[in-house]
Amino acid sequence: MDLTRLAEQALACNKCGLRQQATQVVFGEGNPRADLMFIGEGPGAEEDRQGRPFVGAAGQLLTRMISAMGWRRDQVYIANIVKCRPPGNRVPKPEEARACLPWLYQQIDLVQPKIIVLLGSTALQNLIKPGAAITQYRGRWFVDERGIWVMPTYHPAALLRDPAKKAECWQDLQQVMAVLEYMGLHPNSY
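So, here is what we can say about the structure in this document. (Residues numbered from 1 in each chain as written. Predicted model: local features only at pLDDT ≥ 70, side-chain atom pairs only at ≥ 80, totals over all residues. Heavy atoms only, no water.)

### Concerning the pattern of salt bridges
Next up, step 1: Per the counting criterion, the structure on display carries 12 salt bridges.
Next up, step 2: Note that K114 is salt-bridged to D35, the shortest N-O span being 3.7 Å. Linking K114 in the loop between α5 (94–111) and β4 (115–119) with D35 in the loop between β1 (29–30) and β2 (36–40), this pair joins segments that are 79 residues apart in sequence.
Next up, step 3: Judged by its relative accessible area of 10%, D35 falls in the buried class.
Next up, step 4: Where R138 meets D172, a salt bridge forms, and the shortest distance between an N and an O atom there is 2.6 Å. Of this pair, R138 sits in the loop between α7 (134–137) and β5 (142–143) while D172 sits in helix α9 (residues 166–182); the two residues are 34 residues apart in sequence, bridging distant segments of the chain. Note on accessibility: R138 and D172 belong to one class, buried.
Next up, step 5: Each of D109, D144, E145 and R146 takes part in one network of salt bridges that share partners. (Salt bridge = Lys/Arg side-chain N within 4 Å of Asp/Glu carboxyl O. Helix = DSSP H or I, 4+ residues; strand = E, 2+ residues; numbered from the N terminus. Buried < 20%, exposed > 50% of the residue type's maximum accessible area, 1.4 Å probe, protein only.)

### Regarding unusual backbone geometry
Next up, step 1: Even without being a glycine, N89 presents a positive backbone phi close to 60 degrees.
Next up, step 2: Residue position: N89 is located in the loop between β3 (77–80) and α5.
Next up, step 3: Its identity is not glycine, yet Q112 carries a phi of approximately 55 degrees, on the positive side.
Next up, step 4: In this fold, Q112 is placed in the loop between α5 and β4.
Next up, step 5: Residue class for Q112 comes out partly exposed when judged on its relative accessible area of 46%.

Everything listed here is a matter of coordinates, which is why it stays silent on function.
If you want it as structure tokens, here you go:
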């Protein structure tokens, strides 16, 4: 199994009601062997239109964040908790996230990143701690059952709404950069 075949399977998924209202499945994109992976909540209107994750205003900010870290967008892998846009960009319901998480787990297994950056509460709550607030857990390292280092931080959309949070987010990303450096992982090795 590879990411292309997995994406083809995900296109046919109807495990929740999101697919019926979405224009397309937004599977994920980037380097299939990335050391660094970013996971957000779900596609917005522009992502649903283009079929690509993080391409709207929040996505443009994420691309600038990745660049500020010294990486290019095509060197990392970007995915979401749910692959189809929730109506009105609402937070995915727990049953929608549960239906979609097997796709994400398979993406993680195939990419095998060394570090995952969780963008926002939805990613944090579905992958680390149900009910957790990003404000309490951002900037704290976790190690998942696969041995992957996980850093929760603010979602770029939250940074657009409240630019004062950018400094804290940058502190979190600097920690990620330090651990990547410690692991000997550099963007120029791609």
